[in-house]
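Chain and residue survey
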Amino acid sequence: MSGISGNAARSGGYVGGVLRPHLSMLDAAAIEYVHEQSLRLLAEVGVRVPLARAQTLLKDAGAVVDDETQIVRFPRDLIESAIARAPKTVLLAARDPQKDALLDHTRSFATHDGMGAMCLDHRSGERRPSTARDLLEAMTVADALDEIGVLWYTAYPCDEEPRLQSLRGLQSMLAGSGKHVQGEVTDPAHVPYVMDILAAANPGGVWQAERPIFSIVYCPVSPLQHDAESLEAAILLAEQGVPITVYSLAIAGATAPITQAGTTVQTNAEELAAFAILQLAVPGCPLVYVGNAGIMDMRTSTYTSAGPEEILLNLALTEMGRHYGFPVLSCGLSSDAKELCVQVGSDGGPMAFCTILAGADLLTGAGMLDSAQLLYLPKLVLDAELVRQGQRLTAGLALDDEHVMLDVTRRVGPGGHFLAARETRRFLRNGELQLPHVFVRGSYDGWLADGRSESQRATEKVDEILATHHPLPLPDGAAQRIEEIIAAAGEEKTAE
Amino acid sequence: MKEQLTEALIAGNTDTVNALTQALLASGTSAREILDEALLPGMEVVGARMRSGECFIPEVLLSARTMQGALEILKPHLGAGEGAGLGTIVIGTVEGDLHDIGKNLVGMLLQGAGFAVVNLGTGVSAQQFVAAVRQHSPAILGMSALLTTTLPHMAETIAALQEAGLRDQVKVLIGGAPVTQAFADELGADGYGANAGMAVDRAKTLVAQAATPQAI
Ligand code: B12
């Protein structure tokens with residue numbers, strides 16, 4: 001951590017330091033209230049957990065399980081001990097150790113949006129089902145962008161055999177990047193194959209639980225339910241040390257109350273219940289809390305991923321997750337727009353900045369249009385630009401005598417200028433002003449002479465990366481080995 | 001009174017709708033006439049307002065539920081073969097898929113439009129669909145899939161219907177985020193709905209076509 005925090009002691013006056021903006025909406029009493037309401041929901045209404053193994057664990061831990069409805073009512077201490085037991089920092093390791101994402105609340109790592117099944121082809125302009133190549137390219141582009149810290153299974157390889165899409169997706173992700181990859185495994189039968197693939201991709205050919213290069217997104221089913229198969233798969237993976245991001249994607253108005261307050265409490269309760277189940281199954285397993293929920297557009301009955309209410313939900317939930325001390329993933333950058341337009345930036349930018357300023361460890365949402373359903377690679381480049389701006393915001397304002405530059409101002413005097421000052425050059429080189437990569441500043445004529453639109457500039461950047469960037473190769477023989485593992489999975493599937 | 005009934009249905013005013021339906025029956029208006037001239041036109045208006053974005057989905061659902069109540073009142077007065085309305089639809093989310101809001105929404109609006117709906121829930125296997133078709137002899141089988149990985153189960157179900165010799169007796173309507181018209185054509189489904197409004201329209205067209213097969 002560099003600099004002195006803005007809250008540093010200022011005994012006898014201001015001591016100077018870096019002031020970092022922070023966004024907070026809930027005060028201590030409000031946090032307590034949301035927590036208490038969530039516990040009431042879990043104790044009084046409960047959660048359906050249709051998995052015998054989990055029910056047994058829960059019963060033994062003091063939960064009341066209704067054998068007929070499979071609804072579990074959680075006592076307070078069960079939830080609170082899970083909160084205590086869940087790790088407070090989580091390592092999302094990368095094949096390339098320099099790209100590790102340590103979620104320790106000191107910075108926000110951006111990730112893709114996901115996990116959709118369509119692509120707006122940046123070459124042809126056509127909207128079509130996404131392919132393995134699209135996924136690979138989305139990984140490669142993100143691998144090259146420093147602003148993207150963790151990679152998501154952003155689009156399904158729809159050109160692959162449906163039953164093997166998850167495994168094929170994992171293959172593309174590992175081949176396309178040396179950074180940490182996060183995917184989905186909802187079929188317990190896939191777990192052994194997933195672990196074999198991960199071992200093959202790891203340096204040394206073995207899976208290292210203390211350096212997990214892969215994690216999954218696990219979804220409880222709102223309102224207040226779990227799916228037996230997905231939960232089983234998640235537990236099996238947790239046993240291997242695979243970190244789990246618990247994404248309870250409630251949709252306000254449809255699968256959760258229409259109010260932001262109601263959706264906040266329900267989502268928090270769903271997250272806590274999942275944490276409790278997973279901590280009982282695998283004590284100490286690394287989990288990420290998700291401070292995000294969806295909203296239903298009530299005119300078209302579609303899922304909405306942006307807008308002011310989305311920001312309020314993100315803020316409230318991120319603050320709850322941070323209050324418990326968990327690593328938190330929240331959303332920004334996401335947009336309901338169908339094309340590159342003003343809405344993309346206004347949906348995604350403010351939401352991303354708020355999420356970053358609220359202190360989320362992970363910021364999902366990069367690279368997609370149409371409410372996380374339509375992959376568009378140039379948007380990944382533009383989103384990286386927004387993330388850089390967000391990073392500049394959190395880098396904060398250095399406020400001390402040196403930065404106030406009173407001496408320089410005295411030297412320059414009324415009517416002079418600062419362009420020739422040594423300090424101007426020094427601070428410029430030290431990053432006092434961030435320069436955009438793709439966004440435009442400067443003169444109109446300069447822009448005209450350049451002749452390219454924003455989307456052309458972003459598209460060119462994509463093409464340039466794809467032509468020149470080489471992600472960390474897989475270990476020798478790994479690609480071949482992964483092919484064999486997937487072939488074996490395919491054979492078992494057809495034998496079924 | 002019929003106009004008032006239509007208005008009350010549009011407003012989702014359950015008590016008034018029930019009272020007016022009963023009053024119309026008592027005054028000798030036939031159940032068929034109440035349905036055709038007051039209730040179904042009301043749902044048409046609601047459907048149109050939904051499509052134009054003038055009213056919100058929860059309001060549409062309220063009208064749909066209100067319609068259901070009126071249908072219950074009318075049922076004993078409708079002829080045996082006449083049914084409450086447009087026929088039966090069996091609907092479910094395919095195996096391996098647990099997304100259910102969209103499917104439920106479609107089910108509720110179909111009910112509101114005058115169909116009797118049998119909702120099989122989520123994770124429904126091809127064999128379970130076939131069994132339900134056998135049991136309920138629906139006019140339409142509706143399948144929902146939200147994942148590209150579960151789409152193949154739609155084809156399996158259609159094949160299973162064929163094998164069971166039931167394919168000719170039921171129209172197949174499909175939907176869900178990854179489903180497209182092209183996919184529906186490829187699959188040999190009879191219809192596709194991108195949203196609940198389209199689902200209702202397609203379902204109505206399908207039963208109308210079935211009633212007058214030579215017209216197409
Ligand atoms: C909410 C949601 C969930 C919830 C579902 C909760 C529930 N009770 O249903 C949860 C969080 C549990 C979930 C889980 C998963 N999900 Co999900 N989920 C969604 C999301 C965001 C919204 C779906 C929704 O409810 N929309 C609102 C309803 C009203 O709309 P709808 O379902 O599309 O239905 C309308 C039409 O499609 C149509 N329709 C629907 N059915 C039918 C049927 C007929 C007959 C007709 C005519 C019409 C019709 O009419 C409906 C009303 O207008 C979508 C994204 C999206 N925008 O669709 C992803 C989405 C479907 N999920 C996705 C994924 C990947 C998953 C998971 C695999 C994630 C994971 N890591 O585990 C799991 C899968 C679990 C499983 N085995 O099924 C991907 C699918 C990608 C793909 N390969 O196809 C999507 C597209 C996400 C994305 N990036 O946008 N998900």
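Right, let's talk about the pairing of strand β2 (residues 115–119) of chain B for a bit. Residues and elements named next belong to chain B. Strand direction decides the pairing type here: strand β1 (residues 87–93) and β2, joined by five bridges, are parallel. Bridge assignment links Ile91 to a residue of β2, and that residue is Asn119. What joins β1 to β2 is helix α5 (residues 101–112), and the crossover it makes is right-handed.

Attention shifts here to the domain arrangement of chain A. Residues and elements named next belong to chain A. Here the domain parsing of chain A yields domain 1 (28–79) and domain 2 (83–395). Distance between the C-alpha centres of domain 1 and domain 2: 25 Å. Of the roughly 2,100 Å² buried between domain 1 and domain 2, counting both surfaces, carbon and sulfur atoms make up 76%. Where domain 1 meets domain 2, there are two salt bridges. Across the pair Arg53 and Glu232 runs a salt bridge, and its minimum N-O distance is 3.5 Å. Where domain 1 touches domain 2, the interface holds eight residue pairs in polar contact (both at pLDDT 80 or more).

Okay, the environment of Arg134 of chain B next. Residues and elements named next belong to chain B. By the secondary structure assignment, Arg134 is in helix α6 (residues 126–136). The class for Arg134 is exposed, based on a relative accessible area of 51%. Along the sequence, Arg134 and Leu166 sit 32 residues apart, while their C-alpha atoms lie 7.8 Å from each other. With residues near it in sequence (within four places) discarded, Arg134 still touches Ala164 and Leu166.

Before going further, it helps to examine the sheet that holds strand β5 (residues 191–193) of chain B. Residue and element names in this part refer to chain B. Spatial ordering of the open sheet is given by β2-β1-β3-β4-β5, a layout of five strands whose pairing is parallel. Of all strands in the sheet, those bounded by a partner on one side alone are β2 and β5. Across the sheet, the axes of successive neighbouring strands diverge by a mean angle of 25°, strand direction being ignored. The pairing of strand β3 (residues 140–144) with strand β4 (residues 171–175) spans five bridges and is classified as parallel. Considered in β4, the bridge of Met143 is made with Ile174. Packing of α5 onto the sheet brings it into contact with β1, β2 and β3, and relative to β2 it is tilted by some 155°.

Taken together, the contacts link 16 residues of chain A with 15 residues of chain B. Buried surface at the junction of chain A and chain B, both sides included, amounts to about 1,300 Å², of which 70% is carbon and sulfur. Contact with chain B buries surface across chain A, with Pro162, Met298 and Arg299 of chain A losing the most and accounting together for 37% of the total. At the junction of chain A and chain B, the tally comes to one salt bridge. Connecting chain A to chain B are three residue pairs in polar contact (both at pLDDT 80 or more). Here the residues of the side of chain A that touches chain B sort into nine nonpolar, four polar and three charged.

Close contacts around the ligand come from 44 residues, with Met115 and Ala372 of chain A together with His99, Ser144 and Thr148 of chain B the closest. The local environment of the ligand is shared, drawing residues from chains A and B. A distance of 3.1 Å is found between a nitrogen atom of the ligand and a backbone nitrogen or oxygen belonging to Val217 of chain A. Breaking the shell around the ligand down by element, the ones donating at least two residues are α5, β3, β4 and α9 (196–211) of chain B. Looking at which element gives the most residues to the shell around the ligand, the answer is α5 of chain B, with four residues. Looking at the shell around the ligand residue by residue, the classes come out as 25 nonpolar, 16 polar and three charged.

About the criteria used
Numbering of residues begins from 1 in every chain and follows the order in which that chain's sequence is written. The order in which chains are written sets their letters, starting at A; the order in which ligands are written sets their numbers, starting at 1. Given that this is a predicted model, residues contribute local features only at a pLDDT of at least 70 and side-chain atom pairs are listed and counted only at 80 or more, while totals for whole chains, interfaces and linings are drawn from all residues. To obtain the side-chain values, all non-hydrogen atoms of the structure were used and water was disregarded. If DSSP finds at least two bridges between two strands, the strands pair. By definition, any uninterrupted DSSP run of H or I lasting at least four residues is a helix, any uninterrupted run of E lasting at least two residues is a strand, and each is numbered from the N terminus. Here is how to tell: hold the view so the strands point away, follow the path from the first strand over the helix to the second, and if it runs clockwise the crossover is right-handed. Domain start and end points were adopted from an automatic or database domain assignment. Note: buried area is the sum, over both parts, of the accessible area (probe 1.4 Å) each one loses when the two are combined. By definition, a salt bridge exists where a carboxyl oxygen of Asp or Glu is found within 4 Å of a side-chain nitrogen of Lys or Arg. Here a polar contact means two N or O atoms within 3.5 Å. Within protein one must be a hydrogen donor candidate and the other an acceptor candidate, and residues neighboring in sequence count only if both atoms are side-chain atoms. Exposed residues in this analysis have more than 50% of their type's maximum accessible area, buried residues have under 20%, and partly exposed residues fall in between, with area computed by a 1.4 Å probe over protein chains only. In this analysis, two residues are considered to be in contact whenever any of their non-hydrogen atoms come within 4.5 Å of each other. All axes here are fitted lines through C-alpha atoms, helices being fitted over the stretch that makes contact, and every angle between N-to-C directions spans 0 to 180 degrees. Here the nonpolar group is Ala, Val, Leu, Ile, Met, Phe, Trp, Tyr, Cys and Pro; Asp, Glu, Lys and Arg are the charged ones; every other residue, Gly included, is treated as polar. Each residue is tested against the molecule or strand, and it is near if at least one of its non-hydrogen atoms lies within 4 Å.

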